[in-house]
Amino acid sequence: MSAVRNAGRVTTILAVVCASLFTAQAAFAERDKHGSHGETEQDANLDGDGNLSVTAGGVVFDHSKNGKGGKVGGLTSTTSWSPPPCWYAPKYTPEQLQNYLEPIWEAGSTGHEWDAEQRKKYTNPDDPEKDFNKHKSGEGYWWDAYVDRSYPPGWDSCDEDYFWVDEGDAPPANIENAVTPEILAQLAYAEIRVPGTEVTLAPAQATKVNLPTWSWLDGAQFQPVSVTASVPAIGIEATATAEPVSLKIEPGTPDAETYPASGVCEIDNGHIGEPYAAGKANRTPPCGVKYLRSSGDGTFPLQATVTWEIHWTGSGGAGGDLPEGEFGATQDVVVQEIQAVNR
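Remember, it's a predicted structure, so these values are computed and weren't measured experimentally.

In this section: the overall build of the protein. If you tally the helices and strands in the protein, you get five helices and 21 strands. When burial is assessed residue by residue, the protein has 45% of its 343 residues classed as buried. Put simply, 74% of the contacts in the protein that link residues at least 6 apart link residues at least 24 apart. A total of about 17400 Å² of accessible surface is found on the protein, and carbon and sulfur atoms cover 49% of it.

Looking along the chain, the bond that leaves Ala202 and enters Pro203 is cis, with omega of 5°. For Pro203, the position within the fold is in the loop between β10 (200-202) and β11 (207-208). Cis geometry marks the peptide bond from Tyr259 to Pro260; its omega dihedral reads -5°. If you trace the backbone, Pro260 turns up in the loop between β15 (256-259) and β16 (264-268). Phi is positive for Asn177, which is not a glycine, with a value near 65°. Mapped onto the fold, Asn177 is located in the loop between β8 (163-166) and α5 (181-191).

Its 14 residues place the ends of helix α3 (residues 94-107) 20 Å apart at the C-alpha level, agreeing with the 20 Å of an ideal helix rising 1.5 Å per residue. Every buried residue of α3 is listed here: Pro94, Leu97, Gln98, Tyr100, Leu101, Ile104 and Trp105. Remark: Gly108 follows α3 within two positions and exhibits a positive phi of approximately 70°.

Looking now at the pattern of salt bridges. A complete count under the given rule lists ten salt bridges for this structure. Close ionic contact of Glu117 with Lys120 constitutes a salt bridge, the shortest N to O distance being 3.7 Å. Residue Glu117 and its partner Lys120 are both found in helix α4 (residues 112-122); the two are separated by three residues, about one turn of the helix. Put simply, Glu191 and Arg149 hold a salt bridge, and the shortest N to O gap is 3.1 Å. Remark: Arg149 occurs in the loop between β7 (140-147) and β8 and Glu191 occurs in helix α5; sequence separation between them is 42 residues.

Turning our attention to the state of the cysteines. What the rule picks out here adds up to two disulfides. The disulfide partner of Cys86 is Cys158, and the S-S distance across this bridge is 2.1 Å. The sign of the S-S torsion, about 80°, decides the handedness of the disulfide formed by Cys86 and Cys158: right-handed. In this pair, Cys86 is assigned in strand β6 (residues 86-92) and Cys158 in the loop between β7 and β8, connecting sequence segments 72 residues apart. Note on Cys158: relative accessible area 3%, which makes it buried. The disulfide that involves Cys265 links it to Cys287, with 2.1 Å between the sulfurs. Judged by the sign of its S-S torsion, about 85°, the cystine formed by Cys265 and Cys287 is right-handed. Here Cys287 lies in the loop between β17 (271-272) and β18 (288-291) and Cys265 lies in strand β16, a separation of 22 residues in the sequence.

Below, the discussion takes up the confidence of the model for the protein. Averaged over all residues, the pLDDT of the protein equals 83, while 82% of them reach at least 70. Segment residues 1-36 is flagged for pLDDT under 50; beyond a separation of four residues in sequence, or across chains, it makes 44 contacts in the model. Below a pLDDT of 50 lies the segment residues 44-50, which in the model reaches eight contacts outside its immediate sequence neighbourhood of four places, other chains included.

Turning our eyes to something else, we now look at the sheet that holds β18. As summarised here, the arrangement of the four strands in space is β10-β12-β18-β15, forming an open sheet in which the pairing is antiparallel. Since the sheet does not close on itself, it has two edges, and those belong to β10 and β15, each with one partner. Neighbour-to-neighbour, the strand axes of the sheet open up by a mean angle of 20°, direction not taken into account. In this sheet, strand β12 (residues 213-216) lies alongside β10 in antiparallel orientation, the contact comprising three bridges. From the neighbouring strand, Leu201 faces β12, where its bridge partner is Ser215.

What counts and what doesn't
- Residues numbered from 1 in each chain as written.
- Predicted model: local features only at pLDDT ≥ 70, side-chain atom pairs only at ≥ 80, totals over all residues.
- Heavy atoms only, no water.
- Helix = DSSP H or I, 4+ residues; strand = E, 2+ residues; numbered from the N terminus.
- Buried < 20%, exposed > 50% of the residue type's maximum accessible area, 1.4 Å probe, protein only.
- Contact = heavy atoms within 4.5 Å.
- Areas by Shrake-Rupley, 256 points an atom, 1.4 Å probe, with all protein chains shown as cover.
- Expected span 1.5 Å × (residues − 1).
- Salt bridge = Lys/Arg side-chain N within 4 Å of Asp/Glu carboxyl O.
- Disulfide = S-S within 2.5 Å.
- pLDDT = per-residue confidence, 0-100.
- Pairing = 2+ DSSP bridges.
- Axes fitted to C-alpha atoms, helices over the stretch in contact; angles between N-to-C directions.

Right, dumping it as C-alpha cells:
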C-alpha cells in the first residue's frame, strides 16, 4: 500500500477518534495534506418533495422510503454475511486527479523515489496531453477506494491504486468490490432501517399465570421499506427492499409456552399476529405466550424479533435476494398469580 494512502487512512481514523479535540476544518485540512484514499465523503440534500438523499463514499443513498421514527434500527443478517467494508467507485476526472496528485509530488513529503514511480503511472513525458488520461476527458473516470464509515473489519483491504474506466465499460475483472448494481444493493442493505418491534399484548397491563396472552404487531408500521443506492456518474443504481415475514417470541423464562409452539409467528395477509377482541377469550391465539408461573415482584424480559426478507433490483434488469435480516427488542412483562380474569 502506498505511503500516501497509508497516511490518508491514518489521518481519517485520527479525525474520528479525536473529534472532540480538533475542529472539522482542521481535520479536513490535515486529511487533504496527506491524501484522501479511503475517504467517507458525505453530503446531504433535500429534493423538491422534502426527501433526503445522502452522498457517502461516492454513492448516493435515497432514504425516502426507509423506516422512520425514534425506534427504528438496522438489520442484523441471519447469516455470517455482511456488506462490503470498502468498495471502488468513480472519483476523479483527469484534471481533478492531476490537481490532487501534483501538489503532493511537488511537496516531496512522500520521497523522491516514490514520487518518481507515481509519475510514471499517470504521466507520459512523450505526450503530455495524455497525462492523467486528459485526452479522454469526458469519456471516463479515475476510480478510487471508499470505506464504510463505521470502519468494520476489512475496511483497509481496498488498496488498489487509482485506475481508469472508460464510460460504458465495466471495471477490471480483477478488482474486487468495484461498484456494480449488486454491490450497490449490498450497500443499500446496510442503510435499511426498520420499525421497532415492541409487540402489543392482551391483557395489556399485566398478564396472568396459565392465561394465553395474545401478541401482535401494528400492521400499519410493518410494511416493506427500501433504500436506493446509485452512482449517477456512471448511471447505475439498485434498490434493496426489506419485507417482514415473521415474528419470533421468546418469553424470557423457560416456564412458558408459546403460540405456535415454535414461537415463530408467520405473516398472514400482511399481518403478524391477530389483535385480541371481545369474544376471543376462549380461543387459542395464533401468536402469543402462556406463562406458567408469576414474575413475582419483577418482570420477564420478553424478546420480540422480526425477520425481514431482503430482495433487490438494479440497473439492466439485475436483481436477486440478499440474506434475511433481523431486528428485535426486549420488553418487560408482568405476570400475576391469578387463574382467571374478566376481559
